[in-house]
2 protein chains.
Amino acid sequence: MLRYRGIIFDIDGVLKRGSQPIPGAAETVNMLRGLGVRIIFLSNLSTKSREEYVEILRNRIGIDISPEELVLATSATADYVAKHCKTKKVYYVGHKGLRRELEKAGLIIVDDPEEAEFLVVGSPFDERGYVTEENRWKFTGAIRALLLAKAKFVAVNPDKLFPGPDGKPIPGTGTFVGAITAATGVQPVFIGKPSIEIFKIALEKLGVRPEEAVMVGDQVDIDIIPAKKLGMTTVLVLTGLTKKEDLEKLNVEKRRMIDYVFDSVRDVIKLFRREPWD
Amino acid sequence: MLRYRGIIFDIDGVLKRGSQPIPGAAETVNMLRGLGVRIIFLSNLSTKSREEYVEILRNRIGIDISPEELVLATSATADYVAKHCKTKKVYYVGHKGLRRELEKAGLIIVDDPEEAEFLVVGSPFDERGYVTEENRWKFTGAIRALLLAKAKFVAVNPDKLFPGPDGKPIPGTGTFVGAITAATGVQPVFIGKPSIEIFKIALEKLGVRPEEAVMVGDQVDIDIIPAKKLGMTTVLVLTGLTKKEDLEKLNVEKRRMIDYVFDSVRDVIKLFRREPWD
């Protein structure tokens, strides 16, 4: 018997860094598959659909996964809203990838914010930091959905800043949310990490109980703490944003949330090896 | 001798309502001019230059004033920044009217946010609630000015929402500020009402001491309180957003800030009549 039946992998900093795969990533995934471990890949991406991202992972990173194994902030948001929205009518802000996931979940995109039961917000900014053409009116639309239609407010993730192509900051979903909350006083439900909502959705897809599942991530606040709160076993890898020296600065409470610290994803396999006495 | 040597008029709700003049407005202004009273007209407008607004007041409202008698949030901001900015280099967000006022005050508009000593923020939205074409990158630019150049942050006014042409809300400067503060943690200095900065600049232009000046406005929080704090005599008129029944709901402290309540601007002349025993 394996100690764990399922595993959730954060992608950036765990399986890849930028567009470079992390050595041993694909190999580890394949070994786990060979052992019959259920796998979910998790990302806070707010702009792409699962199909689009699967293509990117396959072609650029060399990791071959199916859309069903992938949970993105976009798809998790679509699942969450589909579960709670009675009329199916949503007004959305963001990119086509979010729109596709919402439609795939059976939701109807309305152009008039006053018809919306839910306001669903992703990033209105493109990868250079411009408000995209189709999002130029969405500040107004989002405000009207909340104030005039009393729509329920859901945001794909709380991420405020990203590094742009020049390495300098560009705004994300959380920056747009800041504008809308300032104007209306309404706070959204966030779905993406560090909200536990996306972990709940990932666990549901994984089909195993939290005690039977491992979360592998590179950030304590964003990956480890919410997974631990749900009862998962947590693995921090040092190939991403957290370095060995950062661990010493963590307070005891946070340190206790991390069950294992591994140099890289390659070591994860240790948790799944059958010991001779098993 | 007159009891007061100068007067500041709020414009909307006092001299005009939308594009309609309030009866007696032009007449009152002319009478005060005849008495030799110094006059400043004050508006929180964040999109227009004084020249543009003087045209509108003359052609649409029938009030004839000179740009020198007008203090707008745009021009007051330009005055404030010109006084504090050593390098003269500013990165700005907003409309051409703000740009014109900044340039007229001797400031240099830089396109690269990293060259800016000041970040000056007006509304990036047009009158229908779209982010204007030239402001599509300004969320990113503003964030970079603050985070990379450590620019000082000044906002034209804190107004978050306005009624659009259809009477429904559209976002203003304060909504943009909400986004930038969420992303960076930096709060601006606001110049427009209810900040006292714009009143200080108006008094300076008026050239009289606060005790010699009257403020006429239609909103307690925005017009009356900051003027009273500076020591002016305050007049609330009931032709704008505040109605008679609203006065009863005011707490004692706020009620005490209002020296006179008049039905309309027409009654202001009472404060300037020479009494027979003078």
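Our subject is the structure that appears above.
These figures come from a predicted structure and were not determined experimentally.

Trainee: Can you lay out the relation of the copies chain A and chain B for me, pointing to particular residues and giving the numbers?
Mentor: Copy one and copy two of the chain differ by a rotation about an axis and a translation along that axis. Mapping chain A onto chain B is achieved by rotating through 180 degrees and translating by 0.0 Å along the same axis, at an RMSD of 0.0 Å. Overall, the copies show the geometry of a two-fold rotation axis. Closest to the rotation axis within chain A is the C-alpha of alanine 179 of chain A, separated from it by 2.1 Å. Both copies share a contact surface, since 100% of the interface residues of chain A are interface residues in chain B too.

Trainee: Quick one: what's the story with the nonpolar core, residue by residue and with numbers?
Mentor: The nonpolar side chains of a soluble globular protein tend to be buried, and buried together. Grouped together as the largest cluster of nonpolar side chains are 42 residues, with contacts concentrated most on Leu119 and Phe139 of chain A together with Leu119 and Phe139 of chain B. Excluding anything up to four places from it in sequence, phenylalanine 139 of chain A contacts Val131, Phe176, Ala179 and Ile180 of chain A together with Phe125, Val131, Phe139 and Pro171 of chain B.

Trainee: Go over the pairing of strand β14 (residues 233-237) of chain A, please, and point to the residues and values.
Mentor: Residues and elements named next belong to chain A. Burial of β14 is extensive: 5 of the 5 residues sit out of reach of the surface. Bridge count between strand β13 (residues 213-217) and β14: 4 bridges; the pairing is parallel. Residue pairing for β14: valine 214 is matched across the bridge by threonine 233. Note that the unit made of β13, helix α8 (residues 220-229) and β14 has a crossover that is right-handed. Here β14 pairs with strand β15 (residues 260-262) via 3 bridges, running parallel. Along β15, the bridge assignment pairs valine 237 with phenylalanine 262.

Trainee: Outline the sheet that holds strand β8 (residues 118-121) of chain A, supporting the account with residue identities and numerical values.
Mentor: The strands that make up a sheet are held in pairs by hydrogen bonds between backbone atoms, and each pair lies either parallel or antiparallel. Residues and elements named next belong to chain A. In spatial order, the strands read β7-β6-β8-β9-β12; together these 5 strands make up an open sheet with parallel pairing. What marks the edges here is a single partner per strand, and that holds for β7 (108-109) and β12 (189-190). Both strand β6 (residues 89-93) and β7 contribute to a ladder of 2 bridges, which runs parallel. By the bridge assignment, lysine 89 is partnered in β7 with isoleucine 108. On top of the sheet, helix α3 (residues 73-84) reaches β6, β8, β9 (152-155) and β12; it is set at about 175 degrees to β8, its chief contact. Against the sheet, helix α4 (residues 96-104) makes contact with β6, β7 and β8, and its axis sits at roughly 165 degrees relative to β6, the strand it touches most.

Cut-offs used in this document
- Residues numbered from 1 in each chain as written.
- Chains lettered and ligands numbered in written order.
- Predicted model: local features only at pLDDT ≥ 70, side-chain atom pairs only at ≥ 80, totals over all residues.
- Heavy atoms only, no water.
- Least-squares fit on C-alpha atoms with pLDDT ≥ 70 in both.
- Contact = heavy atoms within 4.5 Å.
- Core = buried A, V, L, I, M, F, W, Y, C linked by side-chain atoms within 4.5 Å.
- Buried < 20%, exposed > 50% of the residue type's maximum accessible area, 1.4 Å probe, protein only.
- Helix = DSSP H or I, 4+ residues; strand = E, 2+ residues; numbered from the N terminus.
- Pairing = 2+ DSSP bridges.
- Right-handed = clockwise from strand over helix to strand, strands pointing away.
- Axes fitted to C-alpha atoms, helices over the stretch in contact; angles between N-to-C directions.

By themselves these figures say nothing about function.
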